[in-house]
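# Structural description and commentary
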Amino acid sequence: MKRAAVLGKGALAMHACEVIAALPDTVLDTVIPNADEPAWDDALSQRVAERWPDVRILTSGNWRDLEPGRCALVFSVLYDKIIGPGLIDATDTIINCHPGRLPEYRGARPVNWALHNRENLHGITIHAIDTGIDTGPVLAEAHFTIWPDTDEVRDVWNRTMRYGRTLISDTLPRLHRITPRPQDETRAVTHYLRDNHQLGDRSNWTRAMSRQP
């Protein structure tokens, strides 16, 4: 049996834990919730403790507290830190679930940026983790329609999470049979938190909330 760790937040990370726990050759060993678990989503630490009392929960939120080489599979799901080479190099399979299309929406707040740019298509991606920001080869992706004239950020976020559940369920059981696909660097765009002021009326869950002082 190989050991696995999940790092991240909310209901989508909890779903990843459930899928991993059901794999025949894998045991869910460690969960590292984001240190700041948002009140608007499920508390991953609480849900895991209730479901699997024997699973180790590292409440620091710090990936450095996971011993290199302890887990053969590390899955980042909405995790809020950049994982460094110390863990990357020591892990057989280390992957990330990113709530946006790649390589066009690397980095922070891809849902907000897609609506700001009036895209008609959004997505969610599972990719290998390397030392860049969402730059690793793609393992699986789901694309779906969005409607910038009527959709709020909350609408597209919720839709992304629904597609993400299916993507995780479909991908994890066949990880060893997937050939990663390198990203096309000519299409790459990365957004940083320092750019959030440019989002205008797409900076919050709704346009009305974004306009509030």
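Here goes a summary of the coordinates provided. (Residues numbered from 1 in each chain as written. Predicted model: local features only at pLDDT ≥ 70, side-chain atom pairs only at ≥ 80, totals over all residues. Heavy atoms only, no water.)

All right, on to the layout of surface pockets then. Put simply, the largest pocket is a space of about 1,000 Å³. In terms of lining, the largest pocket is formed by 36 residues, of which the most central are Tyr79, Asp80, Gly107, Ala108 and Arg109. Those elements that provide at least two residues to the lining of the largest pocket are β5 (93-98), α4 (110-116) and α5 (153-171). When grouped by side-chain class, the residues that make up the lining of the largest pocket number 17 nonpolar, 13 polar and six charged. Its volume calculated, the second largest pocket comes out at about 270 Å³. The wall of the second largest pocket is formed by 16 residues, among which Lys2, Thr93, Leu172, Leu175 and His176 lie closest to the centre. (1 Å grid on protein atoms, 1.4 Å probe; cavity = no way out; pocket = protein on both sides within 12 Å on 5 of 7 lines; lining within 4 Å. Points joined across faces, edges and corners; volume = space filled by probe spheres on them. Helix = DSSP H or I, 4+ residues; strand = E, 2+ residues; numbered from the N terminus. Nonpolar A, V, L, I, M, F, W, Y, C, P; charged D, E, K, R; others polar.)

With 13 residues, helix α1 (residues 10-22) ought to run about 18 Å at 1.5 Å a step, and its terminal C-alpha atoms sit 19 Å apart, in line with that. Looking at α1, one finds that the buried residues are Gly10, Leu12, Ala13, Met14, His15, Ala16, Cys17, Val19 and Ile20. (Expected span 1.5 Å × (residues − 1). Buried < 20%, exposed > 50% of the residue type's maximum accessible area, 1.4 Å probe, protein only.)

Further remarks concern α5. Taking 1.5 Å as the rise per residue, α5 with 19 residues should run 27 Å; its terminal C-alpha atoms sit 26 Å apart, in good agreement. Every buried residue belonging to α5 is among Val153, Val156, Trp157, Arg159, Thr160, Met161, Gly164, Leu167, Ile168 and Thr171, and all of these are buried. Looking at the packing, one finds that the buried side of α5 touches α1, β4 (73-77), β5, α4, β7 (121-128) and β8 (138-145). (Contact = heavy atoms within 4.5 Å.)

The next thing to look at is the nonpolar core. With 42 residues, the main nonpolar core has Phe75 and Ile168 as its most contacted residues. Sequence-distant contacts of Phe75, that is, excluding residues within four places in its chain, are made with Ala5, Val6, Leu7, Ala16, Ile20, Ile95, Asn96, Cys97, Ile126, Ile168 and Leu172. Residues Ala5, Trp63, Leu66 and Ile94 belong to the second largest nonpolar core, which totals 14 residues. (Core = buried A, V, L, I, M, F, W, Y, C linked by side-chain atoms within 4.5 Å.)

Running from amino to carboxyl end, α1 crosses α5 at an angle of 15°, the nearest separation of the two axes being 10 Å. The angle between α1 and α5 places the two elements in the roughly parallel class. As for the relative orientation of α1 and α5, their crossing is right-handed in sense. Between α1 and α5, the residues in contact are Ala11, Leu12, His15, Ala16 and Val19 and Met161, Gly164, Arg165, Ile168 and Ser169, respectively. Taken together, the residues of the contact of α1 with α5 break down into six nonpolar, three polar and one charged. (Axes fitted to C-alpha atoms, helices over the stretch in contact; angles between N-to-C directions. Parallel < 35°, antiparallel > 145°, perpendicular 65-115°, else oblique. Left-handed = near helix turned anticlockwise from the far one by under 90°.)

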